[in-house]
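Below, each chain spelled out in residue letters.
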Amino acid sequence: MRVLIVEDERHLADTVRRGLVNEGFVVDVAHDGVSGLSAASESSYDAILLDLMLPLMNGYDVLKELRQRRIWTPVLMLTAKDGEYDQTDAFDLGADDYLTKPFSFLVLVARIRALIRRGAPERPVVLILGTLSVDPVTRRVRRDGTDISLTAREYGLLHYLMRRHDEVVSKAEILDNVWDSAFEGGDNVVEVYIGYLRRKIDVPFGVRSLATVRGMGYQLSAGQISEPARAPRPHR
Ligand code: CA
């Protein structure tokens, strides 16, 4: 199992490298974003540990570039708690998992093993659900071939719901995954944004894909054409 570590804190990179070697992994290390990107593009790895704040090219851009090159190696993003980006950004860009520093080595190894077990199937670039499509690389959202313009937060919410389509997702889960941990408002904000999203992805197309499951949460599905009698609920 080959793992690439892209981490500029040399002591941390070395500690993790030695730990992983002891666990039987073959490990390469890069100390900046540019050499990390070329290593990840030129060799084949089973997983990549990618720090977010890196010299020359940050982890955010490395990951974006990797996915644009259609390299789907599973990426575990290492983020700092008060970083400029949060886990939502990491997921939006196609990271498969993330760990907040400082982390325990045992947790790290367990996460890497889980990532490798899941593997890196050739993923469709575009997420499709019914007539709705979301391209995580370009962030283009379309319904029936018509472009839909979303704000960053609306996009984050839709992307999360697409990843969990047909499941009932609670407000708390949405809040945890789409809003960063510093967010102090109540979960009403989720309801508000669900409303915004409906007015963009459903209402103009006469589709009902984003359902409220009373007392449980929300469910995004392929949807159905709404009957004229069941007009959209009044705006809040
Ligand atoms: Ca760093």
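Scroll up a little and you will see the structure.
Residues numbered from 1 in each chain as written. Predicted model: local features only at pLDDT ≥ 70, side-chain atom pairs only at ≥ 80, totals over all residues. Heavy atoms only, no water.

1. Overview of the overall build of the protein
Test applied: The way it works is that DSSP assigns letters per residue, a run of H or I at least four long becomes a helix, a run of E at least two long becomes a strand, and they are numbered from the N terminus. The contact criterion used is simple: two residues touch if any of their non-hydrogen atoms lie within 4.5 Å. All accessible-area figures derive from a Shrake-Rupley calculation using a 1.4 Å probe, and residue coverage is judged against the displayed protein chains alone.
When helices and strands are counted, the protein shows eight helices and twelve strands. Of the contacts formed within the protein by residues at least 6 apart in sequence, a portion of 56% connects residues at least 24 apart. As displayed, the protein has an accessible area near 12300 Å², and 50% of this comes from carbon and sulfur atoms.

2. Concerning the coordination of the calcium ion
How we decide: Donor atoms (N, O, S) are those found within 2.8 Å of the metal centre, with the cutoff raised to 3.2 Å for Na, K and Ca; water is not part of the atom list, so apparent gaps in a site can occur. Only protein chains enter the accessibility calculation, which uses a 1.4 Å probe; a residue whose area is less than 20% of its type maximum is buried, one above 50% is exposed, and one in between is partly exposed.
Binding of the calcium ion to the protein goes through Asp8 (OD), Asp51 (OD) and Met53 (O), at separations of 2.1 to 2.3 Å. Sequence positions of the residues that donate to the calcium ion give the spacing D-x42-D-x1-M. With aspartate 8 in the loop between β1 (2–6) and α1 (10–22) and aspartate 51 in strand β3 (residues 47–51), this pair connects stretches of sequence that are 43 residues apart. Looking at aspartate 51, the relative accessible area reads 4%, which means it is buried.

3. Regarding the sheet that holds strand β5 (residues 97–101)
Worth spelling out the cut-off: Following DSSP output, two strands are said to pair if at least two bridges run between them. Fitted lines through C-alpha atoms give the axes, limited to the stretch in contact for helices. The angle between two N-to-C directions lies from 0 to 180 degrees.
As summarised here, the arrangement of the five strands in space is β2-β1-β3-β4-β5, forming an open sheet in which the pairing is parallel. At either margin of the open sheet sits one strand with a lone partner, and together these are β2 (26–30) and β5. Strand-to-strand twist of the sheet, defined as the mean angle between neighbouring strand axes without regard to direction, takes the value 20°. The sheet contacts of helix α5 (residues 105–118) involve β1, β3, β4 (75–80) and β5, and relative to β5 the element is tilted by about 170°.

4. Remarks on the packing of helix α6 (residues 152–163) against helix α8 (residues 188–201)
Put simply, the rule is: Any angle between 65 and 115 degrees counts as roughly perpendicular, while under 35 counts as roughly parallel, over 145 as roughly antiparallel, and the rest as oblique.
Direction vectors running N to C along α6 and α8 enclose 85°, while the axes themselves pass 10 Å from each other. Of the possible angle classes, the one that applies to α6 and α8 is roughly perpendicular. Residues Arg153, Glu154, Leu157, Leu158 and Leu161 of α6 pack against Tyr193, Ile194, Tyr196, Leu197, Lys200 and Ile201 of α8.

5. Re the sheet that holds strand β6 (residues 127–129)
One open sheet holds the four strands; their spatial order is β6-β7-β8-β9, and the pairing between them is antiparallel. Each of the sheet's edge strands pairs with one partner strand only, and the pair in question is β6 and β9 (146–148). The sheet shows a mean angle of 25° between the axes of neighbouring strands, taken without regard to direction. Here α6 sits on the sheet in contact with β6, β7 (132–135) and β8 (140–143), set at roughly 110° to β7.

6. Remarks on the packing of aromatic side chains
The cut-off we apply is this: The aromatic pairing rule takes the rings of Phe, Tyr and Trp, using the six-membered ring of Trp, and pairs them if the centres are within 6.5 Å, calling planes under 30 degrees apart stacked, those over 60 edge-to-face and the rest tilted.
Enumeration over the complete set of coordinates arrives at two aromatic pairs. Ring geometry for tryptophan 179 versus tyrosine 193: centroids 5.4 Å apart, planes at 75°, classification edge-to-face. Here tryptophan 179, found in the loop between α7 (171–178) and α8, pairs with tyrosine 193, found in helix α8; they are 14 residues apart in sequence, far enough to count as distant. With a relative accessible area of 4%, tryptophan 179 lands in the buried category. Aromatic side chains tyrosine 193 and tyrosine 196 sit 4.9 Å apart centroid to centroid with 75° between the ring planes, which places their arrangement in the edge-to-face category. A residue pair is termed a helical-turn pair when its members lie 3 or 4 positions apart in one helix, as tyrosine 193 and tyrosine 196 do in helix α8 at three residues. In this structure tyrosine 196 comes out as partly exposed when scored by relative accessible area, which is 33%. Taken together, the aromatic side chains of Trp179, Tyr193 and Tyr196 make up a single cluster linked through ring pairs.

7. Some remarks on the nonpolar core
Condition: Within this scheme, the nonpolar core is defined by two criteria: the residues are buried Ala, Val, Leu, Ile, Met, Phe, Trp, Tyr or Cys, and they are joined through side-chain atoms within 4.5 Å.
Grouped together as the largest cluster of nonpolar side chains are 25 residues, with contacts concentrated most on Val141, Leu158, Leu161, Ile174, Val190, Leu197 and Leu220. Every element with two or more residues in this core is listed here: β7, α6, α7, α8 and β12 (217–225).

8. Some words on the pattern of salt bridges
Pairing of side chains with opposite charge becomes possible as their charged atoms draw close. Using the following cut-off: A pair is scored as a salt bridge if a Lys or Arg side-chain nitrogen falls within 4 Å of a carboxyl oxygen belonging to Asp or Glu.
Under the criterion given, the structure shown has 17 salt bridges. The closest approach of N and O atoms between arginine 2 and aspartate 28, which form a salt bridge, is 3.2 Å. On the criterion of sequence distance, the pair formed by arginine 2 in strand β1 and aspartate 28 in strand β2 is long-range, its members being 26 residues apart. Residue classification places arginine 2 among the partly exposed residues on the basis of a relative accessible area of 29%. Linking aspartate 51 and lysine 101 is a salt bridge whose minimum nitrogen-to-oxygen distance equals 3.0 Å. Taken together, the residues aspartate 51 in strand β3 and lysine 101 in strand β5 connect sequence positions 50 residues apart. With a relative accessible area of 17%, lysine 101 lands in the buried category.

9. Overview of the environment of valine 26
Residue position: valine 26 is located in strand β2. A relative accessible area of 43% places valine 26 in the partly exposed class. Each C-alpha atom of the pair valine 26 and leucine 4 lies 8.6 Å from the other, and the pair is 22 residues apart in sequence.

Nothing here speaks to function; it is all geometry.
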